[in-house]
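# Inside the fold
What follows is the residue order along each chain.
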Amino acid sequence: DWSSDVCSSDLVERRIGQGSCSIALLVKRGAGDNAEELILKAASSPEHSDRVRAEAAVLKRLAEDRDNRVVAFVESADIGETAGFLMRPVFTDTEKLRIETLGARLRKEGRLQAELLQRFGEDLIGVVAHLDRRGITHRDIKPDNIAVRRTSHDSTLQIVLFDFSLVSVPPENIRAGTPGYLDPLLPLRKPSPRFDNYAERYAVAATLHEMATGTLPRWGDGRSDPSQIDDEITIDADLFDAGLRERLAVFFRRAFRRDLSLRFDNAEQMLSEWQEIGRAHV
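Residues numbered from 1 in each chain as written. Predicted model: local features only at pLDDT ≥ 70, side-chain atom pairs only at ≥ 80, totals over all residues. Heavy atoms only, no water.

### Some words on the sheet that holds strand β2 (residues 22–29)
Backbone-to-backbone hydrogen bonds pair the strands of a sheet. The strands run either parallel or antiparallel. How we decide: Strands pair, by our definition, only if DSSP identifies at least two bridges between them. For helices the rule is a DSSP run of H or I covering at least 4 residues; for strands it is a run of E covering at least 2, with both sets numbered from the N terminus onward. Note on method: axes are straight lines fitted to C-alpha atoms, helices fitted across the in-contact stretch only, with angles between N-to-C directions ranging 0 to 180 degrees.
Within the open sheet, the five strands sit side by side as β1-β2-β3-β5-β4. Their pairing is antiparallel. Since the sheet does not close on itself, it has two edges, and those belong to β1 (10–18) and β4 (73–76), each with one partner. Across the sheet, the mean angle from the axis of one strand to that of its neighbour is 30 degrees, orientation sign disregarded. Pairing analysis gives three bridges linking β4 to strand β5 (residues 84–87), with the strands arranged antiparallel. Directly across from F73, in β5, lies its bridge partner M87.

Structure below.
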C-alpha cells in the first residue's frame, strides 16, 4: 500500500505521475524545517517489479559518478513483492515544488533561443557520452524524459535525464521506445535488427531538433515508413535560428543519415561538433 508510510519517517503526499509500468509519488521524509521532498517510483503491479529494480540498479551505479545531469538515486524502497526506489526530485521552482520537463517547456514556449539551445544541447549530448562510457543505453531519450532545473550555485538552467525504465529491455526488441525519437531504420540493421548506440544518438538528434525548431524532422511525405523508402530525412533549415542555420543543417543531416557510416561515430564526436557550432555563433 503505497499510500501508507514507505518507512517510519516517510509520508506519501500525492501521486505526481503514472506510466505503463510504474507510478510516481511525492514523498516527504522527516518533519518540520528539516523535511525533505523525495520522489518514489514504484511498480504499478508486482509483474513490473523486475523492470523497476533494473532501473534502480542502473541509477545506483550512476549515483557513484555524482553527475548532476542524471536524476539522483537515494535508495531502494520495496514493499512486499512490489519494487520501488526513491530519488531526489528536480525542481525548477523549489519554493512551489514545481517540476518542469523540457517537453512541457517546448510545448509552452516553442523552440529554444540560441544560448539555451547550445547549453541544453551540450548537457544532453554530454550525459549520453557519459552513459556510453558506462555501457548504459537509456533507450527512451525525449523531451518528456528530461527535467529542467536551476543549478544551486548560480541558478542557471540545466537539464536532467530521468526515466531509465527501458534499460533492461533486450536490444533485440526494436519496438520499445517512443515513435518520433525511436530510430525508424532499426529494422534495416545488419546482420539482424537490434537497438544500438546509433539509435541512442538518433533519439538525441531528434530531441535536439525539437529543441531547435519546436518540431520533429520528417521522412519523405511524413506518412510512409522510413524503412520502406529511399529518401533521406528532410531538414528544413529555415526553421533554425538565422545565426545557426547553415551549421545546424549540416549537423542534423549527418545525425540522421540512412547510412550509419556517415553518421556521427560516437557521442564524443557529436558533442565536439555541437560545441564547434556554439563557438562559431559567439
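### Some details on the pairing of strand β8 (residues 157–161)
Going by this rule: Burial status follows relative accessibility: with a 1.4 Å probe on protein chains alone, a residue under 20% of its type maximum counts as buried, one over 50% as exposed, and anything between as partly exposed.
Summarising burial for β8: five of the five residues are buried, a large majority. Both faces of β8 are covered, namely the face carrying L157, I159 and L161 and the face carrying Q158 and V160. Where strand β7 (residues 146–150) lies against β8, five bridges are found, and the strand directions are antiparallel. Bridged to V148 within β8 is I159.

### Some remarks on the packing of helix α3 (residues 114–133) against helix α4 (residues 197–213)
Which entries qualify depends on this criterion: With respect to orientation, any angle under 35 degrees is reported as roughly parallel, any angle over 145 as roughly antiparallel, any angle of 65 to 115 as roughly perpendicular, and every other angle as oblique. Here, two residues are considered to be in contact whenever any of their heavy atoms come within 4.5 Å of each other. Residues are grouped as follows: Ala, Val, Leu, Ile, Met, Phe, Trp, Tyr, Cys and Pro are nonpolar; Asp, Glu, Lys and Arg are charged; all remaining types, including Gly, are polar.
Where α3 contacts α4, the axes come no closer than 10 Å and their chain directions differ by 170 degrees. Judged by the angle between their axes, α3 and α4 are roughly antiparallel. Contact with α3, carried on its side by L117, F120, G121, L124, I125, V128 and D132, involves N197, E200, V204, T207, L208, M211 and A212 of α4 and no other residues of that element. Partitioned by chemical class, the residues of the contact of α3 with α4 number nine nonpolar, three polar and two charged.

### Thoughts on the sheet that holds β7
The three strands lie next to each other as β6-β7-β8, forming an open sheet whose pairing is antiparallel. Two strands close off the open sheet at either side, each with one partner strand: β6 (100–101) and β8. Strand direction decides the pairing type here: β6 and β7, joined by two bridges, are antiparallel. Bridging across to β7, E100 finds its partner in V148. In this fold α3 packs onto β7 and β8, with an angle of close to 30 degrees to the strand it touches most, β8.

### A short note on the packing of α4 against helix α5 (residues 245–255)
The line we're drawing: Rotating anticlockwise by less than a right angle from the far helix to the near helix defines a left-handed crossing, while the corresponding clockwise rotation defines a right-handed one.
The geometry of α4 relative to α5 is characterised by a closest axis approach of 10 Å and an angle of 150 degrees between their N-to-C directions. Judged on the interaxial angle alone, α5 and α4 are roughly antiparallel. The element α4 and its partner α5 pack so that their crossing is left-handed. Across the interface between the two elements, A205, L208 and H209 from α4 touch F251, F252 and A255 from α5. Classifying every residue of the contact of α4 with α5 by side-chain character gives five nonpolar, one polar and no charged.

### Quick notes on the nonpolar core
To be explicit about the condition: In this text, buried Ala, Val, Leu, Ile, Met, Phe, Trp, Tyr and Cys residues form a nonpolar core when linked through side-chain atoms within 4.5 Å.
Ranked by internal contacts, the top residues of the largest apolar core, which has 68 residues, are F120, F164, L208, F251, F252, M270 and W274. Per-element accounting of this core gives the leading share, ten residues, to α3. Apart from the residues lying within four places of it in its own chain, the contact partners of F164 are E55, V58, L59, L62, V70, L131 and H138. If you look at the next biggest cluster of nonpolar residues, it comprises nine residues, including V12, I23, V27 and L86.

### Structural notes on the pattern of salt bridges
So the rule is basically this: For salt bridges, the criterion is a side-chain nitrogen of Lys or Arg within 4 Å of an Asp or Glu carboxyl oxygen.
Taken as a whole and judged by the stated rule, the model has 23 salt bridges. Two residues, K41 and E55, come together in a salt bridge whose shortest N-O distance is 2.9 Å. One end of the pair, K41, is in strand β3 (residues 36–43); the other, E55, is in helix α1 (residues 49–63), and 14 residues separate them in sequence. Here D163 ties to K41 by a salt bridge, and the two come within 3.2 Å at their closest N and O atoms. Of this pair, D163 sits in the loop between β8 and α4 while K41 sits in strand β3, and the two are 122 residues apart along the sequence. Each of the two residues, D163 as well as K41, counts as buried.

### Brief notes about α4
Let me state the cut-off plainly: An expected span of 1.5 Å times one less than the residue number is assigned to each helix.
For α4, with 17 residues, the first-to-last C-alpha span of 24 Å sits near the 24 Å given by 1.5 Å per residue. Most of α4 is tucked away, with 15 of its 17 residues classed as buried. Immediately downstream of α4, the backbone of G214 shows phi near 85 degrees, a positive value.

### Focus on the packing of aromatic side chains
The condition is simple: Note on aromatic pairs: the rings of Phe, Tyr and Trp (six-membered ring only in Trp) are paired at centre separations within 6.5 Å, and the planes decide the class, stacked below 30 degrees, edge-to-face beyond 60, tilted for the rest.
For the structure shown, the criterion picks out eight aromatic pairs. Judged by centre distance (6.2 Å) and plane angle (15 degrees), the rings of F252 and F256 are stacked. When its relative accessible area of 0% is taken as the criterion, F256 is described as buried. Measuring from ring centre to ring centre gives 6.5 Å for F252 and W274, while their planes differ by 75 degrees; the resulting arrangement is edge-to-face.

Function cannot be inferred from these measures alone, as they are strictly geometric.
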